[in-house]
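# Breakdown of the fold
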Amino acid sequence: MFSLFATMLALFGVIFLCVGSLSISENTVSQDVHSPTENYLLWMWQRRLYIYSAAALLFGFCFFLQVARRKINDTEDSKANKAAKSNNSSEKDADVHVSGVKIFYGSQTGTAKGFATELSEEVENLGISAQVIDMKVYDPDDQLVDECVTKSVCVFLVATYTDGQPTENAEWFCKWVEEASTDFRYGIKFLKGLRYAVFGLGNSVYVGHYNTVGKNVDKWLWMLGGKRIMSRGEGDCNVVKSRNGSVQADFLAWKVKFLNRLKALSKGEKKSCSGNCKSGGSCKNKKKHGADEEEKAAVQDNGSEVDLIESSSEDEESVLPDEKISRSVVDVEDLGNIMTNIKKAKGVKEDRVDGQVVKLSKLNGVTKTEDEEERREMITPALREALSKQGYKLIGSHSGVKLCRWTKSMLRGRGGCYKHTFYGIESHRCMETTPSLACANKCVFCWRHHTNPVGTEWRWKMDPAEEILQDALEKHQNMIRQFRGVPGVKPERYEEGLSVKHCALSLVGEPIMYPEINTFLRLLHSNRISSFLVTNAQFPEEIRNLVPVTQLYVSVDASTKDSLKKIDRPLFKDFWPRFLDSLRALGEKRQRTVYRLTLVKAWNVEELQAYSELIALGQPDFIEVKGVTYCGESSASSLTMANVPWHQEVVAFVRQLADMLPHYEIACEHEHSNCLLIAHTKRCSPPSHSARSDSCLFKVNGEWWTWINYDRFQELVQAHDDSEGQQSFSALDYVAKTPSWALFGANEQGFDPADTRFQRRNKTKDISGC
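Predicted model, so just to flag it, every value in this text is computed and none were measured. (Residues numbered from 1 in each chain as written. Predicted model: local features only at pLDDT ≥ 70, side-chain atom pairs only at ≥ 80, totals over all residues. Heavy atoms only, no water.)

Across its full length, the chain carries 25 helices and 20 strands. Counting the 770 residues in the chain, one finds 48% classified as buried. In the chain, the share of contacts with a sequence separation of at least 24, taken over all contacts with a separation of at least 6, comes to 74%. Of the roughly 38400 Å² of accessible surface on the chain, 52% is carried by carbon and sulfur atoms. (Helix = DSSP H or I, 4+ residues; strand = E, 2+ residues; numbered from the N terminus. Buried < 20%, exposed > 50% of the residue type's maximum accessible area, 1.4 Å probe, protein only. Contact = heavy atoms within 4.5 Å. Areas by Shrake-Rupley, 256 points an atom, 1.4 Å probe, with all protein chains shown as cover.)

On to the packing of aromatic side chains, then. As enumerated under the stated definition, the model contains 28 aromatic pairs in all. Taking the centre distance of 5.3 Å and the plane angle of 20° together, the rings of Trp576 and Phe579 count as stacked. Separated by 3 residues within a single helix, Trp576 and Phe579 lie in helix α22 (residues 575–587), roughly one turn from each other. Side by side, Trp576 and Phe579 carry an identical accessibility label, which is buried. Looking at Lys402, its charged tip hangs above the ring of Tyr392, at a distance of 5.0 Å from the centre. Positioned above the aromatic ring of Trp406 is the side chain of Arg405, whose terminal nitrogen or guanidinium carbon lies 4.4 Å from the ring centre. (Phe/Tyr/Trp six-rings, centres within 6.5 Å; stacked < 30°, edge-to-face > 60°. Lys NZ or Arg CZ within 6 Å of the ring centre and 35° of its normal.)

This next bit is on the confidence of the model for the chain. Per-residue confidence for the chain averages 78 on the pLDDT scale, and 72% of its residues sit at or above 70. Helix α11 (residues 313–318) is the least confidently modelled element of the chain, averaging 36 in pLDDT, while helix α19 (residues 517–526) averages 97, the highest of any element. In this model residues 277–282 is a low-confidence stretch, pLDDT under 50, and it forms 3 contacts with partners more than four residues away in sequence or in other chains. In this model residues 763–770 is a low-confidence stretch, pLDDT under 50, and it forms 27 contacts with partners more than four residues away in sequence or in other chains. (pLDDT = per-residue confidence, 0-100.)

On to the sheet that holds strand β9 (residues 430–434). Spatial strand order, β7-β8-β9-β10-β11-β12-β13-β14-β16-β15: 10 strands in an open sheet with mixed pairing. Strands with a single pairing partner mark the edges of an open sheet, and in this sheet they are β7 (393–395) and β15 (664–670). The mean angle between the axes of side-by-side strands here comes to 25°, regardless of whether they run parallel or antiparallel. Pairing analysis gives 5 bridges linking strand β14 (residues 622–627) to strand β16 (residues 675–680), with the strands arranged antiparallel. By the bridge assignment for β16, Ile623 is matched with Ile678. Set on the sheet, helix α17 (residues 465–481) makes contact with β7, β8 (399–402) and β9; between it and β7 the angle comes to about 165°. (Pairing = 2+ DSSP bridges. Axes fitted to C-alpha atoms, helices over the stretch in contact; angles between N-to-C directions.)

Turning our attention to the environment of Asp721. Its place among the elements puts Asp721 in helix α25 (residues 710–722). On the accessibility criterion, Asp721 (29% relative accessible area) is partly exposed. Asp721 sits 195 residues away from Ser526 along the chain, and the two C-alpha atoms are 9.8 Å apart.

Now for the packing of helix α21 (residues 561–568) against α22. Interaxial distance between α21 and α22 falls to 10 Å at its minimum, and their mutual angle equals 100°. Taken together, the axis directions place α21 and α22 in an arrangement best described as roughly perpendicular. Contact residues: Lys561, Leu564 and Lys565 in α21; Phe575, Trp576 and Phe579 in α22. Split by residue class, the contact of α21 with α22 holds 4 nonpolar, no polar and 2 charged. (Parallel < 35°, antiparallel > 145°, perpendicular 65-115°, else oblique. Nonpolar A, V, L, I, M, F, W, Y, C, P; charged D, E, K, R; others polar.)

Turning our eyes to something else, we now look at the side chain of Glu624. Mapping Glu624 onto the fold places it in strand β14. Of the buried charged residues, Glu624 lacks a salt bridge, with Arg596 as the closest side chain of opposite charge at 4.5 Å. Beyond its immediate stretch of four places on either side in the chain, Glu624 contacts Tyr418, Phe422, Tyr423, Gln551, Tyr553, Val594, Tyr595, Arg596, Leu597, Leu676 and Leu677. (Lys, Arg positive; Asp, Glu negative; His and termini not counted. Salt bridge = Lys/Arg side-chain N within 4 Å of Asp/Glu carboxyl O.)

On to a nonpolar patch on the surface, then. A surface patch of nonpolar side chains, amounting to about 340 Å² of accessible area, comprises Tyr40, Leu41 and Trp43. Topologically, Leu41 is positioned in helix α3 (residues 36–46). (Patch = residues over 30% accessible without salt bridge, like charges linked within 9 Å, V, L, I, M, F, W, Y side chains within 5 Å.)

Attention now moves to unusual backbone geometry. For residues that are not glycine, phi is negative in most cases, and the peptide bond is trans in most cases. Even without being a glycine, Lys151 presents a positive backbone phi close to 60°. Positive phi is not limited to glycine here, since Asn211 has a value of about 55°. Position of Asn211 among the secondary structure elements: in the loop between β4 (195–202) and α8 (212–223). We classify Asn211 as buried; its relative accessible area is 1%.

A separate point is the pairing of strand β2 (residues 130–134). Within a regular beta strand, the side chains point alternately toward one face of the sheet and then the other, so they alternate between its two faces. As paired elements, strand β1 (residues 100–106) and β2 share 5 bridges and run parallel to each other. Bridge pairing links Phe104 to Ile133 in β2. Read as a crossover between parallel neighbours, the route from β1 over helix α5 (residues 111–125) to β2 is right-handed. (Right-handed = clockwise from strand over helix to strand, strands pointing away.)

Further remarks concern the environment of Phe729. As for its placement among the helices and strands, Phe729 is situated in the loop between α25 and β20 (735–736). For Phe729, a relative accessible area of 1% gives the class buried. Phe729 sits 138 residues away from Gln591 along the chain, and the two C-alpha atoms are 7.3 Å apart.

Okay, structure coming up:
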C-alpha cells in the first residue's frame, strides 16, 4: 500500500512540474502588466487545478495514515483477545464434560459381558471412570432418569437371543423401556439429557430377528428423548456376512470410533456436521444435520404407521356406498359387503342363506353363522403389529390382555388402584383383559388412540371362551413372572400375583359384544375370579341378558344427546335411545351396578342437572367420578391438558352433584387417580323382584360398606348357577366394611397406609393415570 501511494505521489509531481513549465512562457507577458500581488493571485488561479490535486493528495495521505493506525490497533486488540480466550479455554478445560461411562450389558453366552469389560479398561486408560453394570440388577424405573443430569455417557451392549427376544438378564430393562416409550405419560422428553450409544450383537443367519434388541433399545431410548452420541453399531456372528470378519472384529471397529468420540466429548467438542451444505462451504448449523440424520434413522426403525380402520355414523350418512368401496381405509364392518360386491363383479354366485354373519342373540349365543372361509379375523396382520407394539398380548383372533400399571405398582408395595380403595380388590392379583377388541364408540379420550377395530355387530371369526380365558391367564402369569427378582418387588405379593383373583373386563373395546360373554363370565366365576365388566351403554338387550357379574359398569360420559355424540362419537345412528335403554337395563340388575362419569373440562362439567336425571333413571349403587386422563396428541382427538380437571375441581363437581341426589353421599376418594366415589345410602321403592328394603343400606350406623366380600360372592353365584337361576341374590348380600383410610376426607386420601407412596425424582410431570 505504501509503494502504491509513493507511485501516485511521484506521478502527480511530474505532471505538476511539466504543466508548470509549459505555462511559464505563456504568463511572462502578463506578469509585466500587473502588480506583484495581482500576478501572484493570477498565477494561483491559473494553477488552481494543481492546487486542488495537491490538496486532495494531502487529504488522501492523512486518511491513509489514519486507516493504517487503526489497523495496527485492531491487530493488537485481536492478539489480546486471543490471549484472553486461550486463558478462558484453559479454565474451561478444568470443567468436567464427561463424568464417567456406564456400560450396560445384556448377555446370554458371556460375549457382551466380555466386550463390556474390555471397553471399560479402554475407557479408564483415557482417564475417565467406567462402570460395568448387569442389566438384571439395574432398575430403570428409579435410576435411568438420574443419568440425564450426571454428565455420564451410557453404553448399551445388548445381544439378541431366541426369536428376536432380549437375553434373560436384559428382559426387564427392555420391557420397561419399551413400555415407557409408548406410554404417553412419560413423553418424548422423559430422558432428555441422556447421552448414549448402542452396540448390538446378533447373527444375520436369523434374517427376521437380526440385531432386533439393539435396534429396539436404540429406538426406544431415542423416543424417550435420549441423545445418541454416535450411530448404532452391529456385531455379526455370521463370519460370512460380518463387515469385519467376526463379531469381535466388528466390536473392535466400533470401539475405536466410540473412543474417539468419547475423547471429543471429554474436551467439550460437539459432533461434527455430516451434512452437505448448499453453498458448498462449511456448515453453520451443524446441529441441524445431526438431528435430521437421527430423525431419519428413527423413522426407518419405527416403520410406517398403521392406518386406522374405523368409521362413524356421520361418515355413513354423508358417503355413498360406491365411494366407501373406493376408499383405501374402510370400516371393518363393511368388509363383508365389499367382498360380496367383488364376488358379484367376478360373476361368483353366493348363497346368502348359508353366508350370513354372526349376530348377537338374546342368549349371547350364535344363531346365524357364515361359511368358515368367508369369516375374517378381527385382528389383521397390520393391526396385530400395531397392538403388539403397544404392549398388548393378543389372544386368538379378537382378544387381548395387558398388565396394568397398578398391578406393577402393588407388586412393589407402592399402592393399588382406585378399585382397591373403593372395593377392596388386590391390584397385584387383577388381570385386565377383553374378549373383544372391537368397540361401537370412538371416544375422544380413548387410551388406545383408536388402534382397535370398530363395529356395531359381531362379524368376525369367534374363538371359544375356554381358549380365551386359558390363554389370557397364561399370558398374564408370564408377564407377572417377568417381575421375579426385579428390585423392589415384594416376594409374597409376587407369589400372590401368579394366582389371579380379579378380572377387569375393561382393557379396550366392548366386551359385551362377544357372543359368548356369558360363558366367559361363568368360566371366570368357576375359577373363583371376580368380574368387573365395563360397557359403553349401546347394547341394552345384552345388558339385560347378562348373568350375574360381581360389579357391572356403564360409562356415562355425557348427559345430553349432543354432548354424548361429541365425546363418545358412537357408530349407532340411534345411539341416544340405546344409551337411555342401557341405563334402564342397568337399573333392573340385582347385583352391584356403577355409573362411570369421566369429566372433561369445557365439554361436560356443567351438566349437573342432566346427570342427576340420568342417575334417577338407572339408580346405580355407586357413581364413580373421575377426571379425564390426557392421552397425548392424536389426530383422532382435539383434547389437550387444558381439558384435564384438577382434583379440587373434581371434588367440587362431586359435592354439587351429591347435593342434588336425595339418597347418595360421597363415600371414598382416591386422590392419586383423581377419582371419587358416590354411594347409594338406601334403595327407595325397590322393584318387586328385588331383595332390597329401606333398611338395607351401604351405610350402616355412619359406617360405609362399599367393599366386596369376594368369597361370599363366589358362594352366592355358585348357588345361583347350581339352581339354574332360581336362587337369586343382591348386591347387599356380599358387602364388606370400608376401611377408614379409604373414606372421603381421610388424611390418606385413599392411599393404603400398608404401602409406601412413591414420588418420582427430578420430574414434575404427572404420569399417574388411572
